[in-house]
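Residue strings, one per chain:
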Amino acid sequence: MIKFVLMVNRQGQTRLSRYYDPVELNRRTLLENHVVHCCLSRRKDQCSFVEYKDFKLVYRQYAALYIVVGVTDNENELSVYELVHNFVEVLDKYFSRVSELDIMFNLDRVHIILDEMIQNGHVVETNKSRILAPLTALNKMADG
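As recorded by an unreviewed UniProt entry, the chain carries the name AP complex subunit sigma and is attributed to Zoarces viviparus. Its UniProt record, at the heading Sequence similarities (unreviewed entry), says of the chain: "Belongs to the adaptor complexes small subunit family." Turning to the chain, the UniProt annotation filed under Subunit (unreviewed entry) states: "Adaptor protein complex 4 (AP-4) is a heterotetramer composed of two large adaptins (epsilon-type subunit AP4E1 and beta-type subunit AP4B1), a medium adaptin (mu-type subunit AP4M1) and a small adaptin (sigma-type AP4S1)."

Following this line, the structure appears as structure tokens:
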């Protein structure tokens, strides 16, 4: 099961966070700081899977952004690694080459995309067209 998804920049600033297990707000900040430090301090030639406390971290870097996913021990790391790539491909398709600014100024839309892919910590959709269907409908209503 997926416990959380974080999107952070190279400076360690959180741009997106979604938790699927309840975590107190003051503990979230501490958790994010530790997790981000753990992933950002690793070299590029090191594995993108990290054992961290009672779960595993799967992270992937795209330009200046890191996407970090916390998963339970029984989750397949490679499938989560590919899920992260699929998430970025969907963002690229929607934003036409997504950037950190796109994430910051369209956070609601990024959350919609993530919510279409993951619900209650489980992957429910990977098809790019189906994931973007709600946003396409929203855009048509706004334009029409």
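Right, picking up where we left off after that structure.
(A) The arrangement of the UniProt feature "domain: AP complex mu/sigma subunit" (unreviewed entry) in the chain in detail. In the numbering used here, UniProt assigns the "domain: AP complex mu/sigma subunit" (unreviewed entry) feature to residues 1-141. For residues 1-141, the helix share is 47%, the strand share is 26%, and the end-to-end C-alpha distance is 35 Å.

(B) The sheet that holds strand S4 (residues 55-62), seen in detail. Pairing within the open sheet is antiparallel, and its five strands lie in the order S2-S1-S5-S4-S3. Each edge of the open sheet carries a strand with a single partner, namely strand S2 (14-19) and strand S3 (49-52). Recorded for the sheet is a direction-independent mean angle of 20 degrees between the axes of neighbouring strands. Bridge analysis of strand S1 (residues 2-9) against S2 gives five bridges, and the strand direction is antiparallel. Note that in S2 the partner of Met7 across the bridge is Leu16. Along the sheet, helix H1 (residues 25-40) makes contact with S1, S2, S3, S4 and strand S5 (65-71), crossing S1 at roughly 65 degrees. Each of S1 and S2 is contacted by helix H4 (residues 107-117), which is oriented at about 35 degrees to S2, the strand it contacts most.

Scoring rules and cut-offs
Residues numbered from 1 in each chain as written. Predicted model: local features only at pLDDT ≥ 70, side-chain atom pairs only at ≥ 80, totals over all residues. Heavy atoms only, no water. UniProt positions renumbered as here; feature names shortened; annotations may be inferred. Helix = DSSP H or I, 4+ residues; strand = E, 2+ residues; numbered from the N terminus. Pairing = 2+ DSSP bridges. Axes fitted to C-alpha atoms, helices over the stretch in contact; angles between N-to-C directions. Contact = heavy atoms within 4.5 Å.

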